[in-house]
Amino acid sequence: MRFGDPFAVANVVGLLAFAIAGALKAADADLDLFGVVVLGVVTALGGGTTRDVLVGRLPTSLDSVGDVTVALVGVAIAVIVVAANGPRLRDNPLFLFSDALGLAAFAATGALVGTSVGLSPFGVVALATVTAVGGGSIADILLGRVPVVLREDFYATPALAGGVSFWALSTVGAPAAVSTLVCTVSVLGLRGLALTYDWQLPTV
């Protein structure tokens, strides 16, 4: 990982965070060890793979073993936590923080990629959102659930807001590192506020 590369840093953070969150979700659903590994890796890689396919490039997860290795490290951390604390961790601070951090980091990678390939403002925001929620949505489908993005409070909205902030800063010439940091912090902050104050979107 090149620490001067905003994409590389955000990608590693997102992979690790979502692998932990996905593996904890799998353990909570009483999956066996293989299932925990599969769900953790799918949660980590799903959003980025969807992002890359949408812009017509080889997914980074297939370009080297780096992404899979980081995801497996995240799964290992989750397995250790489950072994020490038991599987019922969906409301555990580690799960909530990992899920929020993954959402934030992958929103930033989606916005970075969208900007780099010259997408429209809508395209940048859409790619940020899809990248952020893609892995978790695939994991929910594998578990036989309606994806959380379609049924729960304030989840995709922070990613959308982060994509807007990234695009706005890029438009005025802010360095990619600054846009990435602001996007990540804004998504993480909004998701944290939503969890703290139980923000809900209106239902129909």
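Higher on the page you've got the structure.
Below or above, wherever it landed, is the structure these notes cover. (Residues numbered from 1 in each chain as written. Predicted model: local features only at pLDDT ≥ 70, side-chain atom pairs only at ≥ 80, totals over all residues. Heavy atoms only, no water.)

Glancing now at the overall build of the protein. Each helix and strand in the protein was counted, giving nine helices and zero strands. Helices and strands in the protein line up, N terminus first, as α-α-α-α-α-α-α-α-α. Computed over the C-alpha atoms, the radius of gyration of the protein is 16 Å, within 12% of the 17 Å expected from 2.2 N^0.38 for a compact globule of 204 residues. In terms of overall dimensions, the protein has C-alpha extents of about 50 × 45 × 25 Å along its principal axes. The proportion of buried residues among the 204 residues of the protein is 47%. A fraction of 71% describes how many contacts in the protein between residues 6 or more apart in sequence connect residues 24 or more apart. Summed over all atoms, the accessible surface of the protein reaches about 9500 Å², with 71% contributed by carbon and sulfur. Taking the 9 positively charged and 13 negatively charged side chains of the protein as two groups, their mean positions are separated by 2 Å. (Helix = DSSP H or I, 4+ residues; strand = E, 2+ residues; numbered from the N terminus. Rg over C-alpha atoms; globule rule 2.2 N^0.38 Å. Buried < 20%, exposed > 50% of the residue type's maximum accessible area, 1.4 Å probe, protein only. Contact = heavy atoms within 4.5 Å. Areas by Shrake-Rupley, 256 points an atom, 1.4 Å probe, with all protein chains shown as cover. Lys, Arg positive; Asp, Glu negative; His and termini not counted. Charge placed at Lys NZ, Arg CZ, Asp CG, Glu CD.)

At a closest axis distance of 7 Å, the pairing of helix H1 (residues 6-28) and helix H2 (residues 33-54) adopts a crossing angle of 145°. As H1 runs across H2, the sense of the crossing is right-handed. Where H1 abuts H2, its residues Phe7, Asn11, Leu15, Phe18, Ala19, Gly22, Ala23, Lys25, Ala26 and Ala27 lie against Gly35, Val36, Leu39, Gly40, Thr43, Ala44, Leu45 and Arg51. (Axes fitted to C-alpha atoms, helices over the stretch in contact; angles between N-to-C directions. Left-handed = near helix turned anticlockwise from the far one by under 90°.)

Taken together, the side chains of Leu193, Tyr197 and Trp199 define a hydrophobic patch exposed on the protein surface, amounting to about 310 Å² of accessible area. By the element assignment, tryptophan 199 lies in the segment after helix H9 (176-197). (Patch = residues over 30% accessible without salt bridge, like charges linked within 9 Å, V, L, I, M, F, W, Y side chains within 5 Å. Salt bridge = Lys/Arg side-chain N within 4 Å of Asp/Glu carboxyl O.)

Moving on, we get to the pattern of salt bridges. Throughout the structure, instances matching the rule amount to three salt bridges. A salt bridge links arginine 51 to aspartate 52, with the shortest nitrogen-to-oxygen separation between them at 2.9 Å. Neither arginine 51 nor aspartate 52 differs from the other in exposure class; each is buried. Aspartate 52 is the salt-bridge partner of arginine 57, the closest N and O atoms lying 2.9 Å from each other. For arginine 57, a relative accessible area of 32% puts it in the partly exposed group. Connected through shared salt-bridge partners, Arg51, Asp52 and Arg57 make up one network.

Distances and angles like these do not, on their own, reveal function.
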